[in-house]
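Each chain, letter by letter, is given below.
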Amino acid sequence: NDGPATQTLTVTGPIRMTATYEALPQVVISSSPTGLPIHVDGRDCSTPCTVDKAAGSEVSVRASKVISMSPQTRYEFQGWGDTETNTRVISLDSDRQVFVAQYSLAHQLASYGEPANGVTFVTEPASTDGFFSADAVVRVKAEAKSGFKFKRWDGDLAGTYNQGTIVMSSPRTVLAKLDKVPFIPPAGIRNAAGETPDMTVAPGSIIAILGESLAPNYEAGRTNPLQQTLANVTVRVGDSLLPLLWVSPTEIRAQVLSTIPDGEHELRVRWEGTPEVVGKFIVSRNSPGLFRLENEPVALATHADGSQITAQSPAKRGELVTLYGTGFGPYERIVVDGFLNTFTLGNALVDRLEVFAGDRLIQPDWSGAATNEIGLAVTRFRVPPDMTGEVAQEFRVMVNGKASNSVVIPIQ
């Protein structure tokens, strides 16, 4: 009667019912190992999955590329046997078809350094996320970064050699233990005001020594006179110890002696109990640098009354401002290294200094040593009354053809 498979009939006499069946093609989606989730026609099923449809129908299948079993263990898709693509569309025909998604087991190799920032790990074979096939034999190398030295392995590796081999039959963890050693990179000695165009430093100026493990901790010394030893750290050029403003593990501030000749020199940092570290730098008669406020591009500059120029308290057109720097060059009178400049009547710069606002030349009123400071220089100039354009102007100075870095002075 062409009715459905389940019917309710009223019997009034003999009835003959014939159930008619049609043979449907079948697709079996499996995996190796079995029991893994596979996405079949828009839903997930746990393999093996059986699909019966009419001939000519299609089945959409997607196998996950990675199936996580735990944070350290997962299965990784390898292919179907006939293709490595994880998605496929299967057309049903009159035959029974079986497709098997092949997976391999992988474990994580977790690599750590102590200290954490002191090492880079290299593995062979390479891995983008630290997972390796369960039968892989992995060679691990710990490359200590500048300022550190490999000491020994801990965890699933042992020994004092920085390379080792691990069989990834289970999740593994390696720990590279390191010692800190002093280090100064190339161009790690520069003007304390920042990077200047030629990266030289001037006699009598304040310098920054950048590196790693230069001192045990931050320690600032007294202001007058400066000390030559802080936190058991000294800085020496030749036989002379430099006056120190402060020391820290990654930076030391010191004053270059005003008697040092032009040319290349070696600087030695010694932290008692650690190897002495050497850095090279070039001295030039003039190497001007302009200071900025901390973490801001705004210049270290003051109004005529001595208050700080800031974005909230900009300089005014026509105002006399004082701009601070170091490395401008020699002064008319000798300043004793490591001691405050106490010349109350001023100690003028010997060489001619020019101020530039963008490309505009401004002749300063006076340039020389900063009073009651060590190694600092100032230049005083008047902001042009007719200055137009941006509210924040970029300024730089030039002495004997040597340009400084650029700094911003807010102008109203």
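Placed above this text is the structure.
Residues numbered from 1 in each chain as written. Predicted model: local features only at pLDDT ≥ 70, side-chain atom pairs only at ≥ 80, totals over all residues. Heavy atoms only, no water.

1. As for the state of the cysteines
Here a disulfide denotes a covalent bond joining the sulfur atom of one cysteine to the sulfur atom of another. Stated precisely, the cut-off is as follows: Working definition: a disulfide is two cysteine sulfur atoms within 2.5 Å of each other. In this scheme, a residue with accessible area under 20% of its type's maximum is buried, one over 50% is exposed, and one in between is partly exposed, where area comes from a 1.4 Å probe on protein chains only.
Per the stated rule, a full pass over the model turns up one disulfide. Between the sulfur atoms of Cys45 and its disulfide partner Cys49 the distance amounts to 1.8 Å. Torsion about the S-S bond of the Cys45 and Cys49 cystine: about 110°, corresponding to right-handed handedness. When sorted by exposure, Cys45 lands in the same class as Cys49, which is buried.

2. Description of the side chain of Ser284
Applicable threshold: Helix and strand definitions here come from DSSP, where helices need a minimum of 4 consecutive H or I residues and strands a minimum of 2 consecutive E residues; each element is numbered from the N-terminal end. Definition of a polar contact: a pair of N or O atoms within 3.5 Å, with one able to donate and the other able to accept a hydrogen when the atoms are protein atoms, and with sequence-neighbouring residues admitted only if both atoms are side-chain atoms. Should any heavy atoms of two residues lie within 4.5 Å, those residues are counted as being in contact.
Looking at the element boundaries, Ser284 is found in the loop between strand S24 (277–283) and strand S25 (289–290). Within the structure, the side chain of Ser284 is placed 2.5 Å from the side chain of Lys402, a separation counted as a polar contact. Excluding its chain neighbours within four sequence positions, the residues that come into contact with Ser284 are Thr200, Val201, Ala202, Pro203, Asp262 and Lys402.

3. Considerations on the nonpolar core
A general trend in soluble globular proteins is that nonpolar side chains are found buried together. What counts here: We define a nonpolar core as any set of buried Ala, Val, Leu, Ile, Met, Phe, Trp, Tyr and Cys residues linked to one another through side-chain atoms lying within 4.5 Å.
Ile207, Ile209, Ile252, Leu267 and Val269 are the most contacted members of the largest nonpolar core, which has 26 residues in total. Listing elements by their share of this core, those giving two or more residues are strand S17 (206–210), strand S19 (233–237), strand S21 (244–247), strand S22 (251–255), strand S23 (263–271) and S24. Apart from residues no more than four positions distant in its own chain, Ile252 is found in contact with Ile207, Ala208, Ile209, Leu214, Val233, Val235, Leu244, Trp246, Val247 and Val269. Counting residues in hydrophobic clusters, the runner-up holds 23 residues, among them Ala315, Leu323, Phe328 and Val397.

4. A few points about the pattern of salt bridges
It is possible for side chains bearing opposite charge to pair when their charged atoms get close. Spelled out, the test is: Every case where a carboxyl oxygen of Asp or Glu lies within 4 Å of a side-chain nitrogen of Lys or Arg is listed as a salt bridge.
For the coordinates displayed, the defined rule picks out 18 salt bridges. Among the salt bridges present, the one from Lys402 reaches Asp198, with a minimum N-O distance of 3.2 Å. Here Asp198 lies in the loop between strand S16 (189–191) and S17 and Lys402 lies in strand S33 (residues 402–403), a separation of 204 residues in the sequence. When its relative accessible area of 32% is taken as the criterion, Asp198 is described as partly exposed. For Arg268, the salt bridge identified is with Glu276, shortest N-O distance 3.3 Å. Judged by relative accessible area, which is 28%, Arg268 ranks as partly exposed.

5. Notes on the layout of surface pockets
The cut-off we apply is this: Every definition here rests on a 1 Å grid over the protein atoms only: cavities are sets of points where a 1.4 Å probe fits but cannot get out, pockets are open sets enclosed by protein on both sides within 12 Å along at least five of seven lines, and lining residues have some atom within 4 Å of a point. Grid points are joined across faces, edges and corners, and a volume is the space filled by probe spheres set on the points. Each residue gets one of three labels, nonpolar for Ala, Val, Leu, Ile, Met, Phe, Trp, Tyr, Cys and Pro, charged for Asp, Glu, Lys and Arg, and polar for the others, Gly among them.
Its volume calculated, the largest pocket comes out at about 390 Å³. Lining the largest pocket are 25 residues; nearest its centre among them are Pro203, Gly204, Ser258, Pro330 and Tyr331. Here the lining of the largest pocket is composed, by residue class, of 12 nonpolar, nine polar and four charged. Of the volumes computed, that of the second largest pocket is approximately 290 Å³. In terms of lining, the second largest pocket is formed by Asn1, Asp2, Gly3, Pro4, Ala5, Gln7, Arg16, Met17, Thr18, Ala19, Thr20 and Tyr21. Of the residues assigned to the lining of the second largest pocket, the class counts are five nonpolar, five polar and two charged.

6. Side note on the pairing of strand S32 (residues 392–399)
Here is the key point about a regular strand: its side chains alternate between the two faces of the sheet. Put simply, the test is: Here the rule is simple: two strands pair whenever DSSP picks up at least two bridges between them.
Only one face of S32 is buried: it carries Gln393, Phe395, Val397 and Val399, and the other face, with Ala392, Glu394, Arg396 and Met398, is open. Pairing geometry for S32 and S33, over two bridges, is antiparallel. Residue pairing in the sheet places Val399 in a bridge with Lys402 of S33. Counted between consecutive antiparallel strands, the loop separating S32 from S33 contains two residues, among which Asn400 sits at a positive phi close to 50°.

7. Regarding the side chain of Ser31
Tracing the sequence through the fold places Ser31 in strand S1 (residues 26–32). Not counting the four nearest positions on each side in its chain, Ser31 is found in contact with Leu36, Thr47, Val100 and Ala101.

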